[in-house]
Amino acid sequence: MDGILYLWLIWGIWIFTTFMMNKAHPYRFHYSFICLVLLCVFPYGLKVGSVEVAVPVFVLGLICIHYIRIFSLKEKLYMLVAILAMGMLYAGIGLVAIYDPVLMFIDRNLIMALSLAFLSIFFYNASSYLFRMIAVAGSSIVGEVFMSIPLKNVGFLYPIGGPGYLDVLAISIGILLAVKLFEEINQLFNIKVQTNKGEMKNL
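First, a word on what this report is: a plain description of the structure on this page. Since we're looking at a predicted model, the values are computed, not measured.

## Description of the overall build of the protein chain
- Across its full length, the protein chain holds seven helices and two strands.
- For the protein chain, the spread of C-alpha atoms along the three principal axes comes to 75 × 40 × 35 Å.
- Counting every position in the protein chain, which comprises 203 residues, the buried fraction comes to 39%.
- Partitioning the intrachain contacts of the protein chain with sequence separation of at least 6 by distance along the chain shows that 67% fall at a separation of at least 24.

## Looking at the nonpolar core
- Within the largest apolar cluster, 54 residues are counted, with the highest numbers of intra-cluster contacts made by Tyr6, Met79, Tyr90, Tyr124, Val136, Met147 and Tyr165.
- Looking at this core, the elements with two or more residues in it are helix 1 (4-20), helix 2 (28-40), strand 2 (51-54), helix 3 (55-68), helix 4 (73-99), helix 5 (108-123), helix 6 (129-153) and helix 7 (163-202).
- Take this core: its biggest share by element is 10 residues, from helix 6.
- If we ignore the near neighbours within four places in the chain, the residues touching Tyr90 are Met112, Leu116, Ser140, Gly143, Glu144, Met147, Tyr165 and Val168.

## Regarding the pattern of salt bridges
- A full pass over the atoms with the stated rule returns two salt bridges.
- Here Arg132 ties to Glu183 by a salt bridge, and the two come within 3.5 Å at their closest N and O atoms. Placement of the pair is Arg132 in helix 6 and Glu183 in helix 7, with a sequence separation of 51 residues.
- Taking the relative accessible area as the measure of exposure, Arg132 reaches 2% and is therefore buried.
- For Glu183, a relative accessible area of 22% corresponds to the partly exposed category.
- Across the pair Glu184 and Lys180 runs a salt bridge whose closest N-O atoms are separated by 3.2 Å. Of this pair, Glu184 and Lys180 both sit in helix 7, four residues apart, which is roughly one turn of that helix.

## A closer look at the state of the cysteines
- As enumerated under the stated definition, the model contains zero disulfides in all.
- The structure places no disulfide on Cys64, whose sulfur is separated from the nearest cysteine sulfur, that of Cys35, by 14 Å.

## Brief notes about the packing of aromatic side chains
- Scanning the entire structure with this criterion turns up 11 aromatic pairs.
- Aromatic side chains Tyr78 and Phe123 sit 6.0 Å apart centroid to centroid with 80° between the ring planes, which places their arrangement in the edge-to-face category. Of this pair, Tyr78 sits in helix 4 while Phe123 sits in helix 5, and the two are 45 residues apart along the sequence.
- Residue classification places Tyr78 among the partly exposed positions, given a relative accessible area of 38%.
- For Phe123, a relative accessible area of 16% translates into the label buried.
- An aromatic cluster of at least three residues, connected via ring pairs, comprises Phe71, Tyr78, Phe122, Phe123, Tyr124 and Phe131.

## Observations concerning the pairing of strand 1 (residues 45-48)
- Sheet topology note: the strand 1/strand 2 ladder contains four bridges and is antiparallel. In the sheet register, Val48 faces strand 2, and the bridge partner there is Val51.

Criteria and thresholds
- Residues numbered from 1 in each chain as written.
- Predicted model: local features only at pLDDT ≥ 70, side-chain atom pairs only at ≥ 80, totals over all residues.
- Heavy atoms only, no water.
- Helix = DSSP H or I, 4+ residues; strand = E, 2+ residues; numbered from the N terminus.
- Buried < 20%, exposed > 50% of the residue type's maximum accessible area, 1.4 Å probe, protein only.
- Contact = heavy atoms within 4.5 Å.
- Core = buried A, V, L, I, M, F, W, Y, C linked by side-chain atoms within 4.5 Å.
- Salt bridge = Lys/Arg side-chain N within 4 Å of Asp/Glu carboxyl O.
- Disulfide = S-S within 2.5 Å.
- Phe/Tyr/Trp six-rings, centres within 6.5 Å; stacked < 30°, edge-to-face > 60°.
- Pairing = 2+ DSSP bridges.

Written out as structure tokens, the structure reads:
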């Protein structure tokens, strides 16, 4: 079922933020509320002209705008470059998969998700985790729009932000979460090693 990965990911994040996150965390309620909204609006779409746009796309777009508006001008311009580059790659892979699916040697959604995740890592370092998330979400929305334009011109009605797109986004976010977890474990391991070295020197 398309969209199941998205539902599982959002549900898992909601459980974490609601029951496992530190209750003193200032954004705990905000994260839980956003997850509930994304779950509730999953099945709905709106007509924009002749194109159907899924409601989660609007919600994700508003979240991206909310965070981007507090960035400095330099960060906004860099984010714009990252989103456009990643969006064009997303649309390119999607169009190739439609016009010549033989070239897709592995699953289309997986290729698109890996491309978004690794490009966000290329554009932003480990300390810019929020920037990575925004770049992935923003570029995927832009990529969906880029894909819909040529398809509409040739007579295909492509729904923006459908369940398949949400699965791609979920895989990308899942990869970023896994990378973040690995980086945290690696950092803790390095701190432990440095502490042990200091104790050995003291001896």
